Amino acid sequence: MNSLTLYDISELYNCVTETNILDGLVSQGLEYTRFIHGSSIKDSKKRDEYLSKPLTNGLKRHLLHRNFVIMANKGHPLGKNNRTVIPSCVVGKIREKYPQEDGSYEGYHDVQVIE
């Protein structure tokens, strides 16, 4: 049986969150995701600092955004300084699952290129 692609899902549903896809991203284990992401940090001091941070709702949202982009990109991260906008319905569900106490969110940041 073939699995559905994000394109297939977008044809069947108004939003990918109408499926159980976010539950799947959470079940992959946010600690494991953090470890994999942290392992790519070359500076050992920054890596240790990142890996020792408490797993706050803000970090959980970051990791879920990252997992979603990797999944949408067929298992590959976009790479340093490559960004994409995540569908607002996905952002909303992630915020609903892991809310910020004060209700204030950063949102999308475009890459700042220094010349």
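Residues numbered from 1 in each chain as written. Predicted model: local features only at pLDDT ≥ 70, side-chain atom pairs only at ≥ 80, totals over all residues. Heavy atoms only, no water.

Trainee: How would you explain the overall build of the protein chain if you had to name every residue and give the values?
Mentor: Helices and strands together make up the secondary structure of the protein chain, namely six helices and zero strands. When the helices and strands of the protein chain are read in sequence order from the N terminus, they spell out α-α-α-α-α-α. Counting the 115 residues in the protein chain, one finds 22% classified as buried. The long-range share in the protein chain, meaning contacts at least 24 apart out of those at least 6 apart in sequence, stands at 57%. Summed over its atoms, the accessible surface of the protein chain is roughly 8,600 Å², and 50% of this surface lies on carbon and sulfur atoms. (Helix = DSSP H or I, 4+ residues; strand = E, 2+ residues; numbered from the N terminus. Buried < 20%, exposed > 50% of the residue type's maximum accessible area, 1.4 Å probe, protein only. Contact = heavy atoms within 4.5 Å. Areas by Shrake-Rupley, 256 points an atom, 1.4 Å probe, with all protein chains shown as cover.)

Trainee: Summarise the side chain of His37; cite the residues concerned and give the values.
Mentor: Along the polypeptide, His37 turns up in helix α3 (residues 30-39). By relative accessible area, which is 15% here, His37 ends up buried. Ignoring sequence-local partners within four residues, the contact set of His37 consists of Tyr50, His62 and Arg66.

Trainee: Lay out the nonpolar core with the relevant residues and their values.
Mentor: Counting 12 residues, the largest nonpolar core is built from Leu30, Tyr50, Leu59, Leu63, Leu64, Phe68, Val69, Ile86, Val90, Val91, Ile94 and Tyr98. Breaking this core down by element, the ones donating at least two residues are α5 (57-72) and α6 (88-97). The greatest single-element share of this core, amounting to five residues, is contributed by α5. Once you skip the residues sitting within four places of it in the chain, Ile86 turns out to touch His65, Phe68, Val69 and Val91. (Core = buried A, V, L, I, M, F, W, Y, C linked by side-chain atoms within 4.5 Å.)

Trainee: Give a description of α3 that names residues and reports values.
Mentor: Of the residues making up α3, those classed as buried are Leu30, Thr33, Arg34, His37 and Gly38. Each buried residue of α3 sits inside an arc of 130° when the element is viewed along its axis, so together they form one side. (Arc of directions from axis to C-beta.)

Trainee: Before we move on, can you summarise α5 with the specific residues and values?
Mentor: Taking 1.5 Å as the rise per residue, α5 with 16 residues should run 22 Å; its terminal C-alpha atoms sit 22 Å apart, in good agreement. Turning to α5, its buried residues are Leu59, Arg61, Leu63, Leu64, Asn67, Phe68 and Val69. (Expected span 1.5 Å × (residues − 1).)

Trainee: Could you give an account of a nonpolar patch on the surface, naming the residues involved and the relevant values?
Mentor: A cluster of nonpolar side chains, contributed by Tyr32, Phe35 and Ile36, occupies part of the molecular surface with about 340 Å² of accessible area. Mapping Ile36 onto the fold places it in helix α3. For Ile36, a relative accessible area of 44% corresponds to the partly exposed category. (Patch = residues over 30% accessible without salt bridge, like charges linked within 9 Å, V, L, I, M, F, W, Y side chains within 5 Å. Salt bridge = Lys/Arg side-chain N within 4 Å of Asp/Glu carboxyl O.)

Trainee: So what's going on with the packing of α5 against α6? Residues and values would help.
Mentor: Contact geometry for α5 and α6: axes closest at 10 Å, N-to-C directions at 145°. As α5 runs across α6, the sense of the crossing is right-handed. Of the residues in α6, those touching α5 at Arg61, Leu64, His65 and Phe68 are Val90, Val91, Ile94 and Arg95. Within the contact of α5 with α6, the residues separate by chemical class into five nonpolar, one polar and two charged. (Axes fitted to C-alpha atoms, helices over the stretch in contact; angles between N-to-C directions. Left-handed = near helix turned anticlockwise from the far one by under 90°. Nonpolar A, V, L, I, M, F, W, Y, C, P; charged D, E, K, R; others polar.)

Trainee: An account of the packing of α3 against helix α4 (residues 44-52) is requested, with residue identities and associated values reported.
Mentor: Following both chains from N to C, one finds α3 and α4 inclined at 170°, their axes separated by 9 Å at the closest point. On the basis of the axis angle, α3 is roughly antiparallel to α4. Contacts between α3 and α4 pair Arg34, Phe35, His37, Gly38 and Ser39 from the former with Arg47, Tyr50 and Leu51 from the latter. Looking at the contact of α3 with α4 residue by residue, the classes come out as three nonpolar, three polar and two charged. (Parallel < 35°, antiparallel > 145°, perpendicular 65-115°, else oblique.)

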